[in-house]
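# Observations on the model geometry
Residue-level listing of the chains:
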Amino acid sequence: MKKPDSKTFRVVALIVVAALVIAGAAVLLVRWMGKPADKPVQAVARPALTVTVAAPERTRLPITLAANGNVTAWQEAIIGAESSGLRLTDVLVNVGDVVKAGQVLAKFSTDSVQADVAQARASLLEAQAAAADAAGNAERARTLQDSGALSTQQINQYNTTEKTAKARAEAAQAVLSAQQLRGRQTQVLAPDSGVISARSATVGAVVASGTELFRLIRQGRLEWRAEVTSAELGRIAAGTPVRLQPASGGEIQGRVRMIAPSVDPLTRTALVYVDLPGAAGKSPSVKAGMFARGEFELGQTDSLTIPQRALVVRDGFNYVFLLGSDNRVSQVKVQTGRLAGDRVEIVSGLAPDTRIVVNGAGFLNDGDLVRVADEFKPNAPAAPAASAPAATK
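These numbers were taken from a predicted model, which means no experiment stands behind them. (Residues numbered from 1 in each chain as written. Predicted model: local features only at pLDDT ≥ 70, side-chain atom pairs only at ≥ 80, totals over all residues. Heavy atoms only, no water.)

## Remarks on the overall build of the chain
Scanning the chain from N- to C-terminus turns up four helices and 22 strands. Out of the 393 residues in the chain, the part that is buried amounts to 30%. Total accessible area on the chain stands at roughly 25,200 Å², and carbon and sulfur atoms take up 55% of it. (Helix = DSSP H or I, 4+ residues; strand = E, 2+ residues; numbered from the N terminus. Buried < 20%, exposed > 50% of the residue type's maximum accessible area, 1.4 Å probe, protein only. Areas by Shrake-Rupley, 256 points an atom, 1.4 Å probe, with all protein chains shown as cover.)

## Overview of the pattern of salt bridges
Evaluation of the coordinates by the stated rule reveals 15 salt bridges. In this structure, Asp116 engages Arg182 in a salt bridge whose closest nitrogen and oxygen atoms are separated by 2.9 Å. With Asp116 in helix α2 (residues 111-143) and Arg182 in helix α3 (residues 152-184), this pair connects stretches of sequence that are 66 residues apart. With relative accessibility at 22%, the residue Arg182 sits in the partly exposed group. Measuring nitrogen to oxygen at the nearest pair gives 3.5 Å for the salt bridge that ties Glu295 to Arg293. Taking the relative accessible area as the measure of exposure, Glu295 reaches 15% and is therefore buried. (Salt bridge = Lys/Arg side-chain N within 4 Å of Asp/Glu carboxyl O.)

## Description of the side chain of Asp192
Along the chain, the position of Asp192 falls in the loop between β8 (187-189) and β9 (194-199). For Asp192, a relative accessible area of 14% corresponds to the buried category. Separated by 2.8 Å, the side chains of Asp192 and Arg218 make a polar contact. If we ignore the near neighbours within four places in the chain, the residues touching Asp192 are Val99, Lys100, Ala101, Leu216, Arg218 and Gln219. (Polar contact = N/O pair within 3.5 Å; in protein donor to acceptor, adjacent residues only side chain to side chain. Contact = heavy atoms within 4.5 Å.)

## Digging into the sheet that holds strand β11 (residues 212-218)
Spatial ordering of the open sheet is given by β4-β11-β9-β6, a layout of four strands whose pairing is antiparallel. Looking along the sheet, the strands with just one partner apiece sit at the ends: β4 (76-80) and β6 (98-99). Pairing geometry for β4 and β11, over five bridges, is antiparallel. Opposite Ile79, over in β11, you have Phe214 as the bridge partner. (Pairing = 2+ DSSP bridges.)

## Observations concerning the side chain of Thr354
Take Thr354: it is sitting in the loop between β20 (343-348) and β21 (356-357). Reaching out from Thr354, the side chain makes a polar contact with the backbone oxygen of Ala351 at a distance of 2.9 Å.

## Brief notes about the sheet that holds β8
Taken in spatial order, the four strands line up as β8-β7-β5-β10 in an open sheet, and their pairing is antiparallel. Edge positions in the open sheet fall to β8 and β10 (206-207), since each of these has one partner strand only.

## Brief notes about the packing of α2 against α3
At a closest axis distance of 7 Å, the pairing of α2 and α3 adopts a crossing angle of 160°. As the angle between them shows, α2 and α3 are arranged roughly antiparallel. Handedness of the α2/α3 crossing: left-handed. Per-class residue counts for the contact of α2 with α3 are 18 nonpolar, 10 polar and seven charged. (Axes fitted to C-alpha atoms, helices over the stretch in contact; angles between N-to-C directions. Parallel < 35°, antiparallel > 145°, perpendicular 65-115°, else oblique. Left-handed = near helix turned anticlockwise from the far one by under 90°. Nonpolar A, V, L, I, M, F, W, Y, C, P; charged D, E, K, R; others polar.)

## Digging into α3
Residues that lie three or four places apart on an α-helix share one face, since the helix turns once every 3.6 residues. Over its 33 residues, α3 extends 48 Å from the first C-alpha to the last, a length consistent with the 48 Å expected when each residue adds 1.5 Å. Turning to α3, its buried residues are Ile155, Ala165, Ala169, Ala172, Leu176 and Gln179. (Expected span 1.5 Å × (residues − 1).)

## Digging into the confidence of the model for the chain
For the chain, per-residue confidence averages 83 on the pLDDT scale, and residues scoring 70 or more make up 84% of the total. Here residues 376-393 scores under 50 on pLDDT; set against residues more than four positions off or in separate chains, the count is zero contacts. (pLDDT = per-residue confidence, 0-100.)

## Remarks on the packing of aromatic side chains
Each pair of aromatic rings is reported with the distance of its centres and the angle of its planes. As enumerated under the stated definition, the model contains one aromatic pair in all. Geometry around Phe317 places Lys333 over its ring, the cationic atom sitting 4.0 Å from the centre. (Phe/Tyr/Trp six-rings, centres within 6.5 Å; stacked < 30°, edge-to-face > 60°. Lys NZ or Arg CZ within 6 Å of the ring centre and 35° of its normal.)

## Concerning unusual backbone geometry
The phi torsion of most residues other than glycine is negative, and most of the peptide bonds are trans. In this model, Gln219 sits at a positive phi of 60°, which is unusual for a non-glycine residue. Inspection of the secondary structure puts Gln219 in the loop between β11 and β12 (222-229). For Gln219, a relative accessible area of 40% puts it in the partly exposed group. Phi angles above zero are rare outside glycine, and Asp315 is one such case at about 55°. Mapping Asp315 onto the fold places it in the loop between β17 (312-314) and β18 (317-323). According to the relative accessible area criterion, Asp315 is exposed, its value standing at 76%.

## Digging into the nonpolar core
Core analysis: the largest hydrophobic core is formed by 30 residues, its most contacted members being Val99, Leu105, Phe108, Val188, Leu213 and Phe214. Of all the secondary-structure elements, those providing two or more residues to this core are β4, β5 (86-91), β7 (104-108), α2, α3 and β11. No other element matches α2, which puts seven residues into this core. Excluding residues within four positions of it along the chain, Val99 makes contact with Val93, Leu105, Ala190, Asp192, Ser193, Gly194, Ile196 and Leu216. (Core = buried A, V, L, I, M, F, W, Y, C linked by side-chain atoms within 4.5 Å.)

Now the structure itself:
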């Protein structure tokens, strides 16, 4: 029998080694497929946001009562013509002018009035002369009363004539005084200090007695007539300070002068009269007839407040985020009240010893993990550099 050569031996050895390698790989594959899968590695939780926190504070907040109303003149004087049938020659003021009591506002023609005064003065002189003559005759008649030269009837006639002439002189004096008064009425004077609010006087017009020429806001004073419901009326008293905000902007301080004694049966509101001293002449932002909103200042109370940045409005409700000991936040519904600058009053839903998220609250959800950072503060001014020690000689 022929022995296998070396080449054949090497081929057989390679086949055996390959078979062993395949068998080992198969065993490892079976073991790997039968081994249970390893548990996944749990990821490390990361904060959702870096936020700042703060605690609620007690703040003194004002108690106010809001109301609406119209601005009107405190008192408006109607200035009219006192004489009739005279022609206007001068109109010296216009709407918006500030006038003083007794100032001349307009002038009427004085020609016909002066003629009437001269005629009345002449009639007076004539009546006075007749009265003097009658008085002399009556005096002489009385001296002859005991002599019997004149009868009693004649003496009575002289006395009667004296009295009649005296009465006519007094009547003429009254006519002259009336004409002189008519002459003074040719000048239209301001009855009080104030601001001209309307003018209907026209140069050249002949007006009748009583015709309106001007309207005057007395002393330049305006008042705000606020409409307050009967339920809130008891909270207001005379002297209560008021902060008025007219529609044109700005702010005016006033004070309650009086409260109407009756309530409107239809609206169930009463008028509260608030003085606005000097507003017509000093404040261009408020005018008579303007609508305005105001607040009655009724005092102050101690209230729990938070920064407005900490308040989150979602679905029509107000929320804040409380910070827990594990740096996770919880969303809490709160009820808000008054505003005071950048702070808002919390009426209910929040305890005073809690910590709430301020910056970043609007980006959080209930249960989020956060990182707390200090509130940003301006850098403190650098300390002055120490002076170098003097060189030793």
